[in-house]
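What the coordinates show
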Amino acid sequence: MAQNGTSVSIQDLSLSFGAISVLHTLNLDVAEGEFIVLLGPSGCGKSTLLNCIAGLLDISEGRIFIKGKNVTWEEPKDRGIGMVFQSYALYPQMTVERNLSFGLRVAGLPKEEIDKRIARAAEILQIEPLLQRKPSALSGGQRQRVAIGRALVRDVDVFLFDEPLSNLDAKLRAELRVEIKLLHRKLQNTMIYVTHDQIEAMTLADRIAVMKGGVIQQLDAPQTIYNRPVNRFVAGFLGSPAMNFIDGRLEKVGSDWQFAFEDVRIPLATYAFEKEPTPGPAVFGMRPEHVAFNSGAGWPFTATANVEVVEPMGSDTLVWLKLGKQNFTVRVTSERTPNNTDTVSIGFDPMRASLFDAQTGNRL
Amino acid sequence: MTAGQITAIQPVQEAQDQAGVGPIGPKPRRISAGRIGLYAFLVVAALFFLIPVYIMIVTSLKGMPEIRLGHLFNLPSEPTFQPWADAWLHACTGRDCNGLSPGFYNSVKITLPSVVISIICASINGYALTFWPYKGANLLFGLLVFGAFVPYQVVIYPLIIGLSSVGLFASLPGIIIVHTIFGMPILTLLFRNFYAAIPVELFKAARVDGAGFWRIFLHIMLPMSVPITVVAVILQVTGIWNDFLFGIVFAGRPNWPMTVQLNNIVNTTTGVREYNVNMAATILTAAVPLIIYFVSGRWFVRGIAAGAVKG
């Protein structure tokens, strides 16, 4: 079934624990060398899916192919995968070197081969000086590097990461994030990476699979997911600060569509509808950074709004406004920070908006 | 706290600090009357419980004439170790006058294999129950824990019938089997809870590395189990060494452990009651668990606490 160039293929995978269904007929094809991020809130099934791919959980239905081989019933070690865990999961009684070589010793590889592979992994990850230490003598970042090394030495086709950076502090997380990206560029392996951190997802992924309730909501390139979310959940989950949502109605005026709430009318001439819409209740979504400030004319939509709170964040400033009776956040550069009680004029192009069906939450 | 509140408080504090009246440096420790009373009570209570030990030791070092004087608390006027030697080598149980030493070796022969076998079984049990859950694993665990609450006396007769039907009643293997069985509930509970505190990701990582049931157990779990194993050893050694009931029922006369032999020495009704020898014999019998407690008390506490510490 798996075509050429497909590294991991998941077909109609379902998993349920007793009456509780965790994953529902899930399909996912990961290309050779691709970096896929499974993103979602806790409990959405992303780690469960990863464990299924690794073979650590028995699935209820469906099939899993890795490198064109049906591995549905295979043991984890026979699947050609390496896995990195959130808690590092280093064997506490073994030195770093023994940790790295454990899997190879289990597989019965000759000593020279083991040494060669460890040397290579240690060089790539720059952990050579740590080889004789016990995990307890390492810092969090070093531990996670060793954990990555353990996957590296096994010379596998697919790397599985289960929230590998969540236990690290913010600074280290940013550093290791870059290192993982560099590692991917160097190795060109297929990587499947689970996280709830949207920044990790946006920065690392070739494609992001946003998951909720055991279902992949959207599988696309980060920019597409960010700019054209398929439903309200995806739109709200990605982006910090979150997208502005306004409840209102979709109306047709002449041949043009407009979005109406309270006494505000937003013209939608520039908005690209998925398909011809019907008038009715809808949700208007706009990212805070797509709104311009003090802009005057030149925008399809302009309005005045009252400033409620100003949050300076250094590089830019978040301004909380009241647009009519609706809360509305705008992100502006620091130089344009208004005062707390100002009335300001804002403008945006509805081309960058996202419209959702009020009932289904799907993109219109 | 808003900016307004801060400015309201600061002047007061500054005034105090300048006058030197505000609290500064470490908080002074005060010894209250209640504290003193508490410690006094604890010391008295400790001394009270040590009185029997004191009497045992001084009595065991006295000769019989001195004991007959009846000065229970006096230190021995002519200390002698003869009662200790008698207790070990010559004290009589019925017609045998070999002292306690055969009982000591019997106890060693019973305790060592029982401790080793029961801990091996229990650690494998705990490991399997934690990391390889199978259908009915929880039910089995529940039954095991329930077993910890079954009174021994209830199962003695069925056990006698069972063991004698396979020819193991009143034999060394018989008593070892009995001790292993009765150690299983509490030890399995101990090991299961210990392993349940180990992050399951460690187990998953080992599986991805290709290790199977035994390799994960022997190479990863067992090296981490030292603290809990020490606890199990202490529990089992003291429990089995102190056991009287199973020893007298299941070991058979040639294998009677030290506790049974001590009882026979102390309860021998013929001749003079040699209190000094009895005291010495009792201390000798209690010595092994005592030494274990003193040597490994630190480990014991550490093992109990190990469940709460994440590695």
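Anyway, here's the lowdown on the structure attached to this text. This is a predicted model, so every value here is computed, not measured.

Structural notes on the overall build of chain A
Of regular secondary structure, chain A possesses 8 helices and 20 strands. The C-alpha extent of chain A, read off along each of the three principal axes, is 75 × 45 × 35 Å. When the 364 residues of chain A are sorted by exposure, 41% land in the buried category. The contacts in chain A between residues at least 6 apart in sequence include a share of 65% that link residues at least 24 apart.

A short note on the overall build of chain B
Scanning chain B from N- to C-terminus turns up 14 helices and 0 strands. The order of helices and strands in chain B, counted from the N terminus, is α-α-α-α-α-α-α-α-α-α-α-α-α-α. Within chain B, the proportion of its 311 residues that are buried is 32%. Within chain B, contacts between residues separated by at least 24 positions form 76% of all contacts whose residues are at least 6 apart in sequence.

Examining the sheet that holds strand E2 (residues 20–31) of chain A
All names here are of chain A. If you walk across this open sheet you meet the 4 strands as E2-E1-E4-E5, and the pairing is antiparallel. Edge positions in the open sheet fall to E2 and strand E5 (69–70), since each of these has one partner strand only. Relative to E2, strand E1 (residues 6–17) runs antiparallel, the two sharing 8 bridges. Looking at E2, one finds that Leu15 is bridged to Leu23.

Regarding the sheet that holds strand E14 (residues 280–286) of chain A
What links the strands of a sheet is backbone hydrogen bonding, and the strands pair in either a parallel or an antiparallel sense. All names here are of chain A. Read from one edge of the open sheet, 5 strands run E13-E12-E11-E14-E20, paired in antiparallel fashion. Edge positions in the open sheet fall to strand E13 (264–267) and strand E20 (354–357), since each of these has one partner strand only. Direction aside, neighbouring strands of the sheet carry axes that sit 40° apart on average. Judged from the 4 bridges that link them, E14 and E20 form a sheet pairing that is antiparallel. For Phe284, the partnering residue across the bridge sits in E20 and is Leu355.

Re unusual backbone geometry
Here the amide bond leading from Ser240 of chain A into Pro241 of chain A is cis, since omega sits at 0°, within 30 degrees of zero. As for its position among the elements, Pro241 of chain A is in the loop between helix H8 (232–237) and strand E11 (244–253). Even without glycine at this site, Lys67 of chain A takes up a positive phi of about 55°. Judged by the 16 C-beta atoms lying within 10 Å of it, Lys67 of chain A falls in the partly exposed class. One non-glycine residue, Ala170 of chain B, lies in the positive phi region at around 60°. Along the chain, Ala170 of chain B falls in the loop between helix H7 (152–165) and helix H8 (172–196).

Concerning the nonpolar core
Ranked by internal contacts, the top residues of the largest apolar core, which has 144 residues, are Leu38, Leu160 and Ile192 of chain A. Among the elements that line this core, the one with the most residues is H8 of chain B, at 10 residues. Both domains that meet at this core, namely domain 1 (6–236) and domain 2 (244–357) of chain A, each give it at least three residues. Among all residues touching Ile192 of chain A, those that are not within four sequence positions of it are Val8, Val30, Ile36, Leu38, Leu50, Ile53, Val158 and Leu160 of chain A. Ala91, Leu100, Met258 and Ile265 of chain B belong to the second largest nonpolar core, which has 11 residues in total.

Here we look at the pairing of strand E16 (residues 301–312) of chain A
Residues and elements named next belong to chain A. Taken together, the 6 bridges between E16 and strand E19 (residues 343–348) define a ladder with antiparallel strand orientation. Note that in E19 the partner of Asn306 across the bridge is Thr343. Direction of pairing for E16 relative to strand E17 (residues 316–323): antiparallel, over a ladder of 6 bridges. Residue pairing in the sheet places Glu311 in a bridge with Leu318 of E17. Linking E16 to E17, which pair antiparallel, is a turn of 3 residues; within it Gly314 sits at a positive phi near 90°.

Examining the interface of chain A and chain B
Chain A puts 17 residues into the contact, and the matching count from chain B is 15 residues. Residue assignment for the side of chain A that touches chain B shows that the elements contributing at least two residues are strand E6 (81–84) and helix H2 (96–106) of chain A. Among the residues forming the side of chain A that touches chain B, the class breakdown is 12 nonpolar, 4 polar and 1 charged.

Regarding the environment of Val237 of chain B
All names here are of chain B. Tracing the sequence through the fold places Val237 in helix H11 (residues 226–242). Here Val237 falls in the buried class, since 20 other C-beta atoms lie within 10 Å of it. For the pair Val237 and Thr111, spaced 126 residues apart in the sequence, the C-alpha separation amounts to 6.4 Å. If we skip the residues at most four places from it in the chain, Val237 touches Thr111, Val115 and Ile292.

What to know about the packing of H2 of chain A against helix H3 (residues 111–125) of chain A
Residues and elements named next belong to chain A. Contact geometry for H2 and H3: axes closest at 10 Å, N-to-C directions at 135°. Accordingly, the angle class assigned to the pair H2 and H3 is oblique. Note on packing geometry: the crossing formed by H2 with H3 is right-handed. Contact with H2, carried on its side by Glu97, Leu100, Ser101, Leu104 and Arg105, involves Ile114, Arg117, Ile118 and Ala121 of H3 and no other residues of that element. When the residues that make up the contact of H2 with H3 are grouped by side-chain class, the tally is 5 nonpolar, 1 polar and 3 charged.

Focus on the packing of H3 of chain A against helix H4 (residues 140–153) of chain A
Residues and elements named next belong to chain A. It is at 9 Å that the axes of H3 and H4 come closest, and there the two elements cross at 140°. It follows from the interaxial angle that H3 and H4 lie oblique. Relative to H4, H3 is oriented so that their crossing is right-handed. Side by side, H3 and H4 meet where Arg117, Ile118, Ala121, Ala122, Ile124 and Leu125 of the first sit next to Arg145, Ile148, Gly149, Leu152 and Val153 of the second.

A few points about the environment of Gly183 of chain B
All names here are of chain B. For Gly183, the location among the structural elements is in helix H8. Taking C-alpha positions, Gly183 is 23 Å from Arg253, a pair spaced 70 residues apart along the chain. Those residues within four positions of Gly183 in sequence are excluded, and the remaining contacts are Ser118, Ala122 and Gln236.

A word on helix H10 (residues 213–224) of chain B
In an α-helix there are 3.6 residues to a turn, and that puts residues three or four apart on one side. Residue and element names in this part refer to chain B. In a regular helix each residue adds 1.5 Å, so 12 residues correspond to 16 Å; H10 covers 16 Å between its end C-alpha atoms and thus fits that length. Along H10, the positions that sit buried rather than exposed are Ile216, Phe217, Ile220 and Met221. Viewed end-on, H10 has its buried residues packed into an arc of 130°, placing them on one side of the element. Opposite the packed face of H10, turned more than 90 degrees from it, sit the exposed residues Trp214, Leu218 and Pro223. Contacts from the buried residues of H10 go to helix H5 (101–131), H8 and helix H9 (200–208).

Reading the values: the criteria
The residue count restarts for each chain, going from 1 along the sequence in the order it is written. The order in which chains are written sets their letters, starting at A; the order in which ligands are written sets their numbers, starting at 1. Confidence filtering applies because this is a predicted model: local features only for residues at pLDDT of at least 70, side-chain atom pairs given and counted only at 80 or more, and all residues used for totals across whole chains, interfaces and linings. Secondary structure follows DSSP: runs of H or I at least 4 residues long count as helices, runs of E at least 2 residues long count as strands, and numbering of each begins at the N terminus. Backbone-placed C-beta atoms define the burial measure: a residue is buried with 20 or more other C-beta atoms within 10 Å of its own, exposed with 12 or fewer, and partly exposed in between. Our contact criterion uses C-beta atoms placed from the backbone: two residues qualify when those atoms are within 7 Å. In this description, strands pair whenever DSSP reports at least two bridges between them. Fitted lines through C-alpha atoms serve as axes, helices being fitted only where they are in contact, and the angles separating the N-to-C directions of these axes extend from 0 to 180 degrees. In this description, a nonpolar core means buried residues of the types Ala, Val, Leu, Ile, Met, Phe, Trp, Tyr and Cys, linked to one another by C-beta atoms lying within 7 Å. Those domain boundaries reflect an automatic or database domain assignment. When residues are sorted by character, Ala, Val, Leu, Ile, Met, Phe, Trp, Tyr, Cys and Pro go into the nonpolar class, Asp, Glu, Lys and Arg into the charged class, and all the rest, Gly among them, into the polar class. Should an angle fall under 35 degrees it is taken as roughly parallel, and over 145 as roughly antiparallel, whereas 65 to 115 is taken as roughly perpendicular and any remaining angle as oblique. In a left-handed crossing the near helix is turned counterclockwise from the far helix by less than a right angle, and in a right-handed crossing that turn is clockwise. Here the expected span of a helix is defined as 1.5 Å times the quantity of residues minus one. Note that the arc is defined by the directions from the helix axis to the C-beta atoms.

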